Amino acid sequence: MTYIKDLLKHKGQTVELKGWCAQKRDSKGLVFMTFRDGTGFCQAVISLDVVGEASFDAAKRLPQESSLVIAGKVIRDEKQIGGFEIQVAQLQVLAEAGDYPITPKEHGVDFLMDNRHLWLRSRRQWAIMRVRNRIIFAIHEFFQGKGFVQMDAPIFTGNACEGTSTLFETDYYGEPAYLSQSGQLYGEAMAMAQGLIYTFGPTFRAEKSKTRRHLSEFWMIEPEMAFYDLKMDMDLIEDFVRFVVSKVLDEMKEELKALERDTTYLEKVREPFIRMKYEDAVSVIKGEKEVNGKTSLQMLAHEEAALKNQRAQLETDIAEREKKIASGELKKGEVNFNQARIDKLKNEIKDLDEKLQNIPQWQNSARNFKRGDDFGGSDETVLTKMFGQPVMVYNWPQEVKAFYMKEDETDKGYAKGVDLLAPEGYGEVVGGGERETDIERLKNKIEEHQLPMSAFEWYLDLRKFGNVPHSGFGLGLERLVAWICGLQHIRETIPFPRSYGRLLP
RNA sequence: UCCUCGAUAGCUCAGCUGGUUAGAGCACAUGACUGUUAAUCAUGGGGUCCCUGGUUCGAGCCCAGGUCGGGGAGCCA
């Protein structure tokens, strides 16, 4: 048995492939099949003259996603999907599929999500999962290469770590326990044992969020480093993100192409990231400060104009196609094609309308931003659209950050925290910072945040026994995947997304 | 929880100012076509118009309440 990914090595030879029929077209005496085997896609041509009547008829009736074994000669053909064609000499059907729900046609999100177990077979989803896998591998490569030890934090916890978000409560032998919303505090304990560590595991948030950035269950990578200050932390974040994105850019070209990802902005990760203090970022958001000769409000106005222009173009396109159809000069096939096109364009207009609807809201939010507040989703979007590359915002007002963030001695009232905002409006992908080491301050903060002191005794021990400066950060895997793949929605970044109102499949 | 948009065939949608028997394309089935890449041709089957109540001679369309979903806010990675 041969895999599609290895076809290059078998050019001109006869190979046997096992897989599924992804799509099919037939004409008299010929069946063209898009064949997939999990490792890739290729075209299989089944000719009546070659395979004989019995096999040919079987191939011709074969429904989408039936499983089969084919044997035939490998021909290089750049025009074909995957770049190869198999001229089938023998064909054996393993299982004929029923009526497959996902057709080569536009589908709505809800329908696709209900069929997520099958949707994963589609080429686009296949490519996303490949990229996700490469990102995960790159994360391990990066940290392992630097001598970090992977140590995982527990998923059941007895306390709400930062006391902010809503957690999932479970019954733990009769006691309440929560599903972990962060491995952060445990990471600190483990860093005191191993120096450099990272956790890689699932994280749970019970927020009833319904946005393209949120999941109830997602994967987080949380490195923690003894003897690192904020500056070292930021350097590490930058090296890390550059490493991961570069690996995907260099090694996943086919997948990015399948996703039609424009990599112009991604390539910018190879340049130094922008670093700015919270106060400066606020000035940019509020439109007091120009970036590349534009204020945030001007940028939003431009964006609005561009969207309106796009919308007008789509309208004209639709009108022209409708006119052509009405003229009655087109063949039936051409009419169908144009009608399908119109459907698609109308959907694009709906998307644009949704975006347009948000812009005035964002403008307001930017204009009225209160210095000292945390950034909202729209503020992040505005900020990252201003820059064509990743931006690190550091030194945040202490009140908006978690209790364990260290105060900057030279910049009173500001915490040594950092957020990395991905460009193109993708927002926060990394949040981190230097940890508070002063035990008295920690105790005060825990009280201020009204957290139960008893749950943090073990954490305070870390300051009693060999206290050292240390830093760390958390990376949301799915947000990174969404940004790198250029996806509209985070739900496509994970095999089986769990979000508000979605527990199946 | 709040704002906003929506629910019509397996799928994507159209359905005028409320008016007879609710439409198209795709998919599916049958047949025709030797090189297709969502663009050949013909025929065919397929509907609880989300639910409940109301207005009306008459509701897919209007009104009220609900359910589910999209986008956003809040919260965050």
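What you see is a predicted model; the values in this text were computed from it and never measured.

Overview of the packing of helix 6 (residues 230-251) against helix 15 (residues 477-485)
So, step 1. At a closest axis distance of 11 Å, the pairing of helix 6 and helix 15 adopts a crossing angle of 50 degrees. In terms of orientation, helix 6 lies oblique with respect to helix 15. Handedness of the helix 6/helix 15 crossing: right-handed. Side by side, helix 6 and helix 15 meet where V241, V244, V245 and V248 of the first sit next to L480, W483 and I484 of the second.
So, step 2. Looking at side-chain class alone, the contact of helix 6 with helix 15 contains seven nonpolar, no polar and no charged residues.

A few points about the environment of A415
So, step 1. Relative to the helices and strands, A415 is located in strand 14 (residues 414-422).
So, step 2. Look at A415 and you get buried, because its relative accessible area is 0%.
So, step 3. Those residues in contact with A415 that sit more than four places away from it in its chain are N395, W396, Q398, K401, M405, K406 and E407.

Things to note about the protein's contact with RNA strand B
So, step 1. Close to RNA strand B lie 59 residues, the nearest being K28, E85, R205, R212 and R479.
So, step 2. For RNA strand B, the fraction of atoms within 4 Å of the protein that belong to sugar or phosphate moieties is 59%.
So, step 3. Between RNA strand B and the protein, one listed contact pairs a base oxygen with a side-chain N or O atom of Q80 at 2.6 Å.
So, step 4. The contact in question runs from a phosphate oxygen of RNA strand B to an N or O atom on the side chain of R491, over 3.1 Å.
So, step 5. Where the surface near RNA strand B is concerned, the elements lending two or more residues are strand 1 (14-27), strand 2 (30-36), helix 2 (109-114), strand 11 (217-226), helix 11 (332-367), helix 12 (377-386) and strand 15 (427-434).
So, step 6. The element contributing the most residues to the surface near RNA strand B is helix 11, with 12 residues.
So, step 7. Residue composition of the surface near RNA strand B, grouped by class: 11 nonpolar, 23 polar and 25 charged.

Focus on the confidence of the model for chain A
So, step 1. Overall, the prediction assigns chain A a mean pLDDT of 89, with 98% of residues at 70 or greater.
So, step 2. With a pTM of 0.92, the predicted complex shows an ipTM of 0.86.

A word on the domain arrangement of chain A
So, step 1. As assigned here, chain A comprises domain 1 (4-95), domain 2 (123-261 + 452-493) and domain 3 (281-369).
So, step 2. If you average the C-alpha positions of domain 2 and of domain 3, the two centres end up 35 Å apart.

Describing the sheet that holds strand 7 (residues 156-157)
So, step 1. Here we have three strands laid out as an open sheet, ordered 7-9-8, and antiparallel in their pairing. The open sheet has two edge strands with one neighbour each: strand 7 and strand 8 (169-172).
So, step 2. Note: strand 8 against strand 9 (residues 175-179), four bridges, orientation antiparallel. Paired with E169 across the bridge in strand 9 is Y178.

Overview of the nonpolar core
So, step 1. Judged by nonpolar contacts, the single largest core of 53 residues is most densely connected at I135, I139, F143, F240, W483 and I484.
So, step 2. Once you skip the residues sitting within four places of it in the chain, F143 turns out to touch F148, Y198, I221, P223, L236, F240 and F473.
So, step 3. Membership of the second largest hydrophobic core comes to 22 residues, among which are F35, I86, V88 and L91.

Describing the sheet that holds strand 4 (residues 67-76)
Whether parallel or antiparallel, the strands of a sheet pair through hydrogen bonds between backbone atoms.
So, step 1. Here five strands make up a closed barrel; going around it, the order is 1-2-3-5-4 and the pairing mixed. In this sheet, adjacent strand axes meet at a mean angle of 50 degrees when their direction is disregarded.
So, step 2. Summarising the sheet, strand 3 (residues 41-47) and strand 5 (residues 84-95) pair through four bridges and their orientation is parallel. Bridge pairing in strand 5 links V45 to Q87.
So, step 3. Against the sheet, helix 1 (residues 48-61) engages strand 1, strand 2, strand 3 and strand 5, with an angle of about 115 degrees to strand 3.

Things to note about a negative patch on the surface
So, step 1. A cluster of acidic residues, E106, D343, E348, D351 and E354, forms a negative patch at the surface.
So, step 2. With respect to the helices, strands and loops of the structure, D351 is situated in helix 11.

Observations regarding the pattern of salt bridges
So, step 1. Applying the stated criterion across every chain, the model contains 36 salt bridges.
So, step 2. Its salt-bridge partner being E303, residue K385 comes within 2.7 Å of it at the nearest N-O pair. With a gap of 82 residues between them, K385 in helix 12 and E303 in helix 10 (residues 296-327) connect regions that are remote in the sequence.
So, step 3. K385 gets classed as partly exposed once you look at its relative accessible area, which sits at 32%.
So, step 4. Assessed through its relative accessible area of 22%, E303 is described here as partly exposed.
So, step 5. Salt bridges sharing common partners tie together K231, D235, E238, D239, R242 and R275.

Remarks on the environment of A54
So, step 1. Along the chain, the position of A54 falls in helix 1.
So, step 2. Take A54: its relative accessible area is 66%, and that puts it in the exposed class.
So, step 3. C-alpha of A54 to C-alpha of K208: the two residues are 154 residues apart in sequence and 56 Å apart in space.

Basis of the calculations
Residue positions within a chain follow its written sequence, with the count starting from 1. Throughout, the order in which chains and ligands are written sets their labels, letters from A for the former and numbers from 1 for the latter. Local features in this predicted model are restricted to residues of pLDDT 70 or higher, and side-chain atom pairs are both shown and tallied only at a pLDDT of 80 or more, whereas totals for entire chains, interfaces and linings draw on every residue. Computation of side-chain values covers all heavy atoms of the structure but excludes hydrogens and water. Between N-to-C directions, angles cover 0 to 180 degrees, with each direction set by a line fitted to C-alpha atoms, over the stretch in contact for helices. Numbering of helices and strands starts at the N terminus; helices are DSSP runs of H or I of at least 4 residues and strands are runs of E of at least 2. What sets the label is the angle itself: under 35 degrees gives roughly parallel, over 145 gives roughly antiparallel, 65 to 115 gives roughly perpendicular, and the rest give oblique. In a left-handed crossing the near helix is turned counterclockwise from the far helix by less than a right angle, and in a right-handed crossing that turn is clockwise. Here, two residues are considered to be in contact whenever any of their heavy atoms come within 4.5 Å of each other. When residues are sorted by character, Ala, Val, Leu, Ile, Met, Phe, Trp, Tyr, Cys and Pro go into the nonpolar class, Asp, Glu, Lys and Arg into the charged class, and all the rest, Gly among them, into the polar class. Three labels apply to residues, based on accessible area from a 1.4 Å probe with only protein chains included: buried if under 20% of the type maximum, exposed if over 50%, partly exposed otherwise in between. Neighbouring residues are identified by heavy atoms, a residue being near a molecule or strand if any of them is within 4 Å of it. Here a polar contact means two N or O atoms within 3.5 Å. Within protein one must be a hydrogen donor candidate and the other an acceptor candidate, and residues neighboring in sequence count only if both atoms are side-chain atoms. Per-residue confidence from the predictor is reported as pLDDT, a score between 0 and 100. Note: domain ranges come from an automatic or database domain assignment. At least two DSSP bridges between two strands are needed for those strands to be called paired. Residues grouped as a nonpolar core are buried Ala, Val, Leu, Ile, Met, Phe, Trp, Tyr and Cys residues, joined through side-chain atoms within 4.5 Å. Patch construction takes residues with relative accessible area above 30% that form no salt bridge. Like charges are linked within 9 Å, and nonpolar side chains (Val, Leu, Ile, Met, Phe, Trp, Tyr) are linked within 5 Å. All accessibility values rest on the Shrake-Rupley procedure with a 1.4 Å probe; residue burial counts only the protein chains present in the view. Whenever a carboxyl oxygen of Asp or Glu lies within 4 Å of a side-chain nitrogen of Lys or Arg, that contact is scored as a salt bridge. In this charge count, Lys and Arg are treated as positive and Asp and Glu as negative; neither His nor the chain ends contribute. In this description, the location of a charge corresponds to atom NZ of lysine, CZ of arginine, CG of aspartate or CD of glutamate.

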